[in-house]
Each structure stands twice: as C-alpha cells, then as structure tokens.
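Here are the chains, one letter per residue:
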Amino acid sequence: MSNSLLDALTAAELHCPVITAGHPEYDHYRRVWNGIADRQPRAIVRPQEVEDVQKAVRAAAASGALLAVRGGGHSLPGLSTCNDGLVLDLSLIHSVVIDNAALTVDIGGGALLGDLDRATVPKGYIVPAGVISHTGVAGLTLGGGMGWASRKYGLTIDSLLGAEIVLASGDVTWTSPTWNPELFWAIRGGGGNFGVVTRFRFQLHPFSGIVAGQWIYRMEQARKVLSALRDRAREQPRDFAVSFTASRSGLNVTAVWSGDAGRADAILSPFGTLADGASGGLESLSYLTLQSRNDVAFAWSRRYYAKGGFWSDIGDQAIEHIIDAIAHAPAPDCEIYAIQLGGAIGDVPDEATAYTGRDAGYYWLSEPIWDDTADDDRCMEWGRTTGRLLSDASIIGNYVNEQGDTGSNIVRDAYGPEKYQRLARLKARLDPNNLFRLNQNIEPQE
Ligand SMILES: Cc1cc2nc3c(=O)[nH]c(=O)nc-3n(C[C@H](O)[C@H](O)[C@H](O)COP(=O)(O)OP(=O)(O)OC[C@H]3O[C@@H](n4cnc5c(N)ncnc54)[C@H](O)[C@@H]3O)c2cc1C
C-alpha cells in the first residue's frame, strides 16, 4: 500500500513539495501540536493550489492509503497525522482576502487564527473564534468554534457564509446556504468528515478594544469563588464573558468586556473580589493581544490530553469535583478550564447546524499537560477520571473538537441520534469508502 501511495503521488504530477522520510525537513513537517502524536507518515504533501489538493486526495483514494488532513495541527488526539499514510498539510494555503464592501473575509484552509485576526482586527472587525492564536481556522470552524466573542457574535460557524471543499472524489465544489445546503449544514459542526476545505468565507463583525480582568485566587478559596462567579456571571450581558482555570498553582479567573468602555470597571471589577486577597487587575488591550497572550502556555510539542463537555451552569457538585481533582493532580499543569457560553450561541436554532449543544451555559475541559513520557498513563488517567466526574448528561451534545479520545460512542453522543443519522447519510453519499476517517468519524450509512 505504501509504495502504491508514492507511485500514485508521482503519477499525479503535483506542483508542490512532497516530503518523505530522509528529506532534511521530514522531522519538522511531520510534527503536530500534541507531542504524544509522534507519527511517521509515508509522505507529507504541502499544496499551494486547490488543484494539488484534488490530486493528493485522488492519489490517497486510488492507493488505499490512510489520509490525514492538517490545518493548524492542533487536533488533541493527533488526527492530523498518521503512520505510513499521507499527510495533506494545508499550511501553505493561508491567504486572507477582505471584501470591504461586503464585510466578508475569505481565508485559506491552512490558515491559523492569528492570520485571520492580524488581517481583520486592524480594520476594526473580527470573526469570533478560539482563544489561542496558533489554532487552525479549519479544524476549529468545522467543529463549531468558540471563544471570547461567542456570547456576542455566536460560534465561528454562525459567521460562516460558504466554503470551497474538495470531496472524496477529488472534485471541488462550493457550499453555502443556497448551494449544496445539506453539505453546508453538515460542515457546521460535522468536522473534517466531508472533504478538504480549501477556503472559508466569513461574515465580519465590528469590534473595537476590549477590557480584560485577570485574577488569581488560592485553590482553598475555590468553593466560594466559583459559586460567586456563577451567580454574578449569570446576570451579565452578551458583551461579557468569563473563564476560569484551576490548577495546583491556583484558580485563575479571566473576565472580558467588549461593550461600552465606560462600564468596564463596574462590570469586571467584582470578579476580582469574589474572595479576599486575589492578585491581578484590569487592563485595556487590543483583541490581538487578548487572542495571543496564552499562546506560550499551550506551546507545541508538550504532551496533552483533554476530555470536555457542557454544563448548563456551574453546579455545586462540579465545584466539589474540581477541588478534589486538583488536590490529586499528578502534575503542576493538570488543569480544569471552563468558558462561559450562552448569549448569541443560543440565537441559532439547534437544528440549523450539525453542532449540538447550543443551550449550554459553559464548556469545560479537564486538560492535563506534562512533558515526561513516564507520566503519560497517570496524567491521561487523571484527565479521563476527572472528565467522567465533571460530565453532566443533562445536555444533549458535546464538542467534538476538544476530545482527547475518539470512538463511535463519543461521536454519536456529540450529535445525538437524529443528527448522527443525517450526517451518516450524507457521508454515505459523499464519502462511501470513508476516505476522510481520521477525525471524530461519522461512519457512512444509508
Ligand atoms: C491549544 C488549543 C487551544 C484551543 N482553543 C480552542 C478554542 O478556544 N475554541 C475552540 O473552539 N476550540 C479550541 N481548540 C480545539 C480546536 O478547535 C481543535 O483542536 C481543532 O481541531 C484545531 O484545528 P486545527 O486545524 O488546528 O487542527 P488539525 O489538527 O490540523 O486538524 C484537526 C482535524 O480537522 C480536520 N481538518 C483540518 N483542516 C482541515 C481542512 N482544511 N479541511 C477539512 N478538514 C480539516 C481534520 O479532520 C483534522 O483531523 C483548541 C485546541 C488547542 C490544541
């Protein structure tokens, strides 16, 4: 199979770099964000044009090779790389083109959130997306996309107007609310199951500065802080969002305000007095700074695992589990994170997109981070056990993008039975042989 992949790539006459073992940059290009996913692909293709994406997809299909599609390389389970197969690395397709009149932006399927923000923010606009600037636009968008501006402007998919996509057949098509609408429904939450997106078109939203408050409380204060945070956050308008991260080094609360700057102090400061003695304070900053200031904390090549889910609110039981889990964390960077959702996310009807879970009040993550391979088992076990304890089965849906594990149950639970069947039917039509299977996989089924 492997040689036939190389033969098929040769026959395809690609106009872009094809990197194989022995190439001086092979080790560089086979790397992905999660250090656990240390894999040896047979070939890494780095297209610059859609035509080469089509050729590479056809070569993978013809040779029966495993195909991994890579945008920003942030997949938690390492789904954008593989052993012995083909990695389609889209990072050279990263152009950003703004249409000032239509207030839209077209962005390549290999661009990072930082590419998007650096082009749009100086013009006074954003597309709501995630909170770390080296995350890929593609993987994030296809799963849903949530971050600081989601309560104000919705998920990233709620700003999606259309996409250019290379299907399993190798054909390229456009999808939008009026053109291939079923495919457009599916790619808004259904992940990379339906093809390789080479270009996204998003609606831009006006955005000026932001005020952020960040405070660190002691973990012994967590019970008091988290219940007060919950009560206070509930009353806030959509221009507000809050997140917290609990770890052995403390409870970090971040609250942001993107509304009228004159109200920032009154809205945000109370989050610095949820208990006595917090260190931290308020600062005005640009959206670009906000979006990149935690990049280093999630550096490439460390070892990561995550298990996540939705809460309708921060429950008393969850607070007890958080306190207990952090007391038993096996490494300093074993964290529990949650970000407030709600607001504009709930304006879109659940059935309008494959993404499921719009009624959630928070997204939470149990995320151990470590460096030593000897800690793999205990850190992952901590992540899984904590995740099980924090799960709240009352909300239908889950976020496929932030799961360290894969498997049919995870995917079925994420979409619920009806949406899963709808996705599986479209998958059977567009990708009957499941060429795009290195993802939170929807199995083709008529
Ligand atoms: C540090 C970090 C921070 C994060 N923060 C957030 C956040 O704030 N908000 C949020 O919503 N999510 C967040 N995530 C989760 C993130 O959305 C997913 O990890 C997402 O898959 C990353 O996309 P990527 O392109 O970087 O990943 P990749 O690893 O490149 O791809 C992941 C999967 O997406 C698919 N894919 C990638 N590119 C394409 C393409 N062009 N066409 C078709 N399919 C494609 C493939 O199935 C691939 O397996 C974060 C993840 C990390 C690691």
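Up top is the structure these notes are about.
Residues numbered from 1 in each chain as written. Predicted model: local features only at pLDDT ≥ 70, side-chain atom pairs only at ≥ 80, totals over all residues. Heavy atoms only, no water.

S.K.: Can you walk me through the nonpolar core in this structure?
M.R.: It is characteristic of soluble globular proteins that their nonpolar side chains tend to be buried jointly. Counting 43 residues, the largest nonpolar core has F240, V242, F244, L251, F271, W311 and I322 as its most contacted members. Counting residues in hydrophobic clusters, the runner-up holds 36 residues, among them V105, A111, V127 and F202. (Core = buried A, V, L, I, M, F, W, Y, C linked by side-chain atoms within 4.5 Å. Buried < 20%, exposed > 50% of the residue type's maximum accessible area, 1.4 Å probe, protein only.)

S.K.: I tried to follow the site of the ligand on my own but got confused; where do I start?
M.R.: Close to the ligand lie 33 residues; G71, G73, S80, M146 and Y399 are nearest. Measuring from an oxygen atom of the ligand, one finds a backbone N or O atom of H74 at 3.1 Å. Between the ligand and V131, the relevant distance is 2.9 Å, taken from an oxygen atom to a main-chain nitrogen or oxygen of the residue. Surface burial for the ligand is 95%, taken as the share of its 940 Å² of free accessible area covered by protein chains. (Near = heavy atom within 4 Å. Polar contact = N/O pair within 3.5 Å; in protein donor to acceptor, adjacent residues only side chain to side chain. Areas by Shrake-Rupley, 256 points an atom, 1.4 Å probe, with all protein chains shown as cover.)

S.K.: Help me out: how do you make sense of the packing of helix α8 (residues 222-234) against helix α11 (residues 316-327) in this one?
M.R.: A pair of packed helices is characterised by two quantities: the angle between their axes and the separation of those axes. Contact geometry of α8 with α11 gives a least axis separation of 10 Å together with a crossing angle of 145°. The two elements α8 and α11 meet at a crossing, and its hand is right-handed. For the pair formed by α8 and α11, the contact residues are A222, R223, L226, S227 and R230 on the first element and D316, I319, E320, I322 and I323 on the second. For the contact of α8 with α11, a count of residues per class yields five nonpolar, one polar and four charged. (Axes fitted to C-alpha atoms, helices over the stretch in contact; angles between N-to-C directions. Helix = DSSP H or I, 4+ residues; strand = E, 2+ residues; numbered from the N terminus. Left-handed = near helix turned anticlockwise from the far one by under 90°. Contact = heavy atoms within 4.5 Å. Nonpolar A, V, L, I, M, F, W, Y, C, P; charged D, E, K, R; others polar.)

S.K.: Help me understand the sheet that holds strand β12 (residues 210-217) in this model?
M.R.: Strand pairs in the sheet, formed through backbone hydrogen bonds, run parallel or antiparallel to each other. Pairing in this open sheet of seven strands is antiparallel, and the strands run β15-β12-β14-β13-β18-β19-β17 from one edge to the other. This sheet does not close on itself; its edge strands, each paired only once, are β15 (279-285) and β17 (307-311). If you compare each strand with its neighbour and ignore which way they point, the axes differ by 15° on average. Packing against the sheet, helix α12 (residues 376-390) makes contact with β17, β18 (335-340) and β19 (362-367), and its axis sits at approximately 155° to β19. (Pairing = 2+ DSSP bridges.)

S.K.: Hey, could you run me through the pattern of salt bridges in this one?
M.R.: Close approach of charged atoms allows side chains with opposite charge to pair. All told, the structure shown has 29 salt bridges when counted by the stated rule. Between D316 and R230 there is a salt bridge, with its nearest N and O atoms 3.0 Å apart. Taken as a pair, D316 in helix α11 and R230 in helix α8 lie far apart in primary sequence, 86 residues in all. One continuous salt-bridge network, built from bridges that share partners, spans R230, D231, R234, D313 and D316. (Salt bridge = Lys/Arg side-chain N within 4 Å of Asp/Glu carboxyl O.)

S.K.: For this particular structure, what's the right way to read the packing of aromatic side chains?
M.R.: Given two aromatic rings, one states the distance between the centres and the angle between the planes to describe the pair. All told, the structure shown has nine aromatic pairs when counted by the stated rule. Between the aromatic rings of W311 and W364, the centroid separation amounts to 6.0 Å while the plane-to-plane angle is 25°, which identifies the pairing as stacked. Of the two residues, W311 sits in strand β17 while W364 sits in strand β19, which places them 53 residues apart along the sequence. Grouping residues by exposure puts W311 and W364 together as buried. Members of the aromatic cluster, each reached through a chain of ring pairs, are F310, Y355, Y363 and Y399. When the ring centre of W185 is taken as reference, the NZ or CZ atom of R422 above it lies at 3.7 Å. (Phe/Tyr/Trp six-rings, centres within 6.5 Å; stacked < 30°, edge-to-face > 60°. Lys NZ or Arg CZ within 6 Å of the ring centre and 35° of its normal.)

S.K.: Would you take a moment to explain the environment of R46 for this structure?
M.R.: When you line up the elements, R46 lands in the loop between β2 (43-45) and α3 (50-63). Overall, the relative accessible area of 9% leaves R46 in the buried class. Residues R46 and T20, spaced 26 residues apart in sequence, show a C-alpha to C-alpha distance of 11 Å. Separated by 3.2 Å, the side chains of R46 and Y29 make a polar contact.

S.K.: I would appreciate a short explanation of the side chain of T135 in the present structure.
M.R.: By the secondary structure assignment, T135 is in the loop between β7 (125-126) and α5 (137-143). Note on T135: relative accessible area 14%, which makes it buried. Not counting residues within four places of it along the chain, the set of residues in contact with T135 comprises H74, L112, L113 and L140.

Limitation: the analysis is restricted to geometry and does not speak to function.
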